Amino acid sequence: AWGGSWGFQSGPNDERGTNLVAYVPSLAAHFADERVLGVAQAMLDPHIRIAQTEFKTRRPNDQDLDRRAYHTDFPHDLTDREQAGRVRMPFPNVTMGLTVLWILSPYSPETGGTWIVPRSHLDLRNPRSHLDPRNPPELHDDVDPTRSIAGEIQLSGPAGSVVMIDSRIWHSGAANPSPDPRVTVLTRYVPWWLSLEFGGRNR
């Protein structure tokens with residue numbers, strides 16, 4: 001109904017950098033729900049803030065069920081071209097960000113629930129190290145970011161569920177073979193002291 005991008009943050013006429021809450025202000029109360037904030041504060045800091053919100057939709061009728069795009073999130077995103085959110089590896093033993101998925105459509109293998117690799121925050125490799133221009137070729141990790149990984153699990157749950165993922169955990173969007181779009185809102189919570197200078201990309 002609002003138009004704009006299927007997968008990225010945009011306005012009704014595809015304007016870049018428009019925060020989702022500007023169009024759905026009723027979401028703010030959910031983002032500040034004490035059950036979510038309690039977990040975020042326990043893991044991050046008593047003083048937290050939201051670094052980013054995005055509207056994420058998987059188009060229907062995608063049959064490429066083997067596809068993966070494993071990655072870590074801000075501030076551990078090795079593909080951040082502006083280098084505003086690329087903590088060098090190995091990642092420190094501290095949670096600096098939580099990626100929160102607000103599930104608006106049912107999550108399941110039939111609708112393309114997100115893939116995650118539990119305990120991958122302890123792995124010294126990264127599935128996108130080959131995209132980090134600061135790494136010489138010999139340091140690129142032997143992880144195929146397009147294929148399944150041993151130990152991966154696919155999230156499932158009804159609409160209305162909330163998933164919280166440490167930003168160091170490897171995760172990937174999944175193909176949606178169902179006939180309906182799969183809709184998720186993503187929110188990133190960070191401690192107050194983390195710089196949010198995205199170079200104008202996430203105003």
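Above this text sits the structure in question.
So, how was this worked out
Residues numbered from 1 in each chain as written. Predicted model: local features only at pLDDT ≥ 70, side-chain atom pairs only at ≥ 80, totals over all residues. Heavy atoms only, no water. Helix = DSSP H or I, 4+ residues; strand = E, 2+ residues; numbered from the N terminus. Buried < 20%, exposed > 50% of the residue type's maximum accessible area, 1.4 Å probe, protein only. Contact = heavy atoms within 4.5 Å. Areas by Shrake-Rupley, 256 points an atom, 1.4 Å probe, with all protein chains shown as cover. Phe/Tyr/Trp six-rings, centres within 6.5 Å; stacked < 30°, edge-to-face > 60°. Lys NZ or Arg CZ within 6 Å of the ring centre and 35° of its normal. Pairing = 2+ DSSP bridges. Axes fitted to C-alpha atoms, helices over the stretch in contact; angles between N-to-C directions. Core = buried A, V, L, I, M, F, W, Y, C linked by side-chain atoms within 4.5 Å. Salt bridge = Lys/Arg side-chain N within 4 Å of Asp/Glu carboxyl O.

*Asks:* Explain the overall build of the protein here, please?
*Replies:* If you tally the helices and strands in the protein, you get 2 helices and 7 strands. The buried share of the protein, reckoned over its 203 residues, is 45%. Considering only residue pairs separated by 6 or more positions, the protein has 82% of its internal contacts joining residues 24 or more positions apart. Carbon and sulfur atoms provide 54% of the accessible area of the protein, an area that totals close to 10,700 Å².

*Asks:* Explain the environment of threonine 57 to me, please; I cannot follow it from the model alone.
*Replies:* With respect to the helices, strands and loops of the structure, threonine 57 is situated in strand S1 (residues 48-58). Relative accessible area serves as the criterion here: at 12%, threonine 57 is assigned to the buried category. Between the alpha carbons of threonine 57 and leucine 104 there is a distance of 9.8 Å; along the sequence they are 47 residues apart.

*Asks:* Whenever I open this one, the packing of aromatic side chains confuses me. Can you help?
*Replies:* How two aromatic rings sit relative to each other is given by the distance of their centres and the angle of their planes. A full pass over the atoms with the stated rule returns 1 aromatic pair. For the ring pair phenylalanine 31 and tryptophan 102, a centre distance of 5.4 Å and an interplane angle of 55° mean the geometry is tilted. Linking phenylalanine 31 in helix H1 (residues 27-31) with tryptophan 102 in strand S2 (residues 98-103), this pair joins segments that are 71 residues apart in sequence. With a relative accessible area of 4%, phenylalanine 31 lands in the buried category. The ring of tryptophan 115 carries arginine 68 above its face, with NZ or CZ at 3.8 Å from the centroid.

*Asks:* Even after reading the chapter, I still don't get the sheet that holds strand S7 (residues 182-191), so can you show me in this structure?
*Replies:* Sheet strands pair via backbone hydrogen bonds, and the direction of the pair is either parallel or antiparallel. The 4 strands lie next to each other as S1-S7-S2-S5, forming an open sheet whose pairing is antiparallel. The outermost strands of the open sheet, each flanked by one partner alone, are S1 and strand S5 (162-166). Strand-to-strand twist across the sheet, computed as the mean angle between neighbouring axes with direction ignored, equals 20°. Summarising the sheet, S2 and S5 pair through 5 bridges and their orientation is antiparallel. Considered in S5, the bridge of leucine 101 is made with valine 163. Against the sheet, helix H2 (residues 34-43) touches S1, S2, S5 and S7, its axis set at about 10° to S5.

*Asks:* Looking at this model, I keep getting lost on the pairing of S2. Mind explaining?
*Replies:* Consecutive side chains of a regular strand alternate in pointing toward one face of the sheet and then the other. A large share of S2 lies buried, amounting to 6 of its 6 residues. A two-sided burial pattern is seen for S2, the buried positions comprising Leu98, Val100 and Trp102 on one face and Thr99, Leu101 and Ile103 on the other. Bridging between S2 and S7 involves 6 bridges; their strand directions are antiparallel. Of the residues in S7, the one forming a bridge with isoleucine 103 is threonine 184.

*Asks:* Looking at this structure, I do not really get the nonpolar core. What am I missing?
*Replies:* The tendency in soluble globular proteins is for nonpolar side chains to be buried side by side. Core analysis: the largest hydrophobic core is formed by 11 residues, namely Val24, Leu27, Phe31, Val36, Ala40, Leu44, Leu98, Val100, Trp102, Val185 and Tyr189. Elements with a minimum of two residues in this core: H1, H2, S2 and S7. Among the elements that make up this core, the one with the highest residue count is S2 (3 residues). Counting 9 residues, the second-largest nonpolar core is a separate cluster that includes Leu101, Ile116, Leu155 and Ile165.

*Asks:* Please clarify how the pattern of salt bridges should be interpreted in this entry.
*Replies:* For side chains of opposite charge, pairing can occur when their charged atoms come near one another. Tallied over the entire structure, the rule returns 6 salt bridges. The salt bridge partner of aspartate 33 is arginine 35, with a shortest N-O separation of 3.0 Å. Here arginine 35 falls in the exposed class, since its relative accessible area comes to 65%. Salt-bridge contacts for glutamate 54 lead to lysine 56; the nearest nitrogen and oxygen are separated by 2.8 Å. What makes glutamate 54 buried here is its relative accessible area of 10%.

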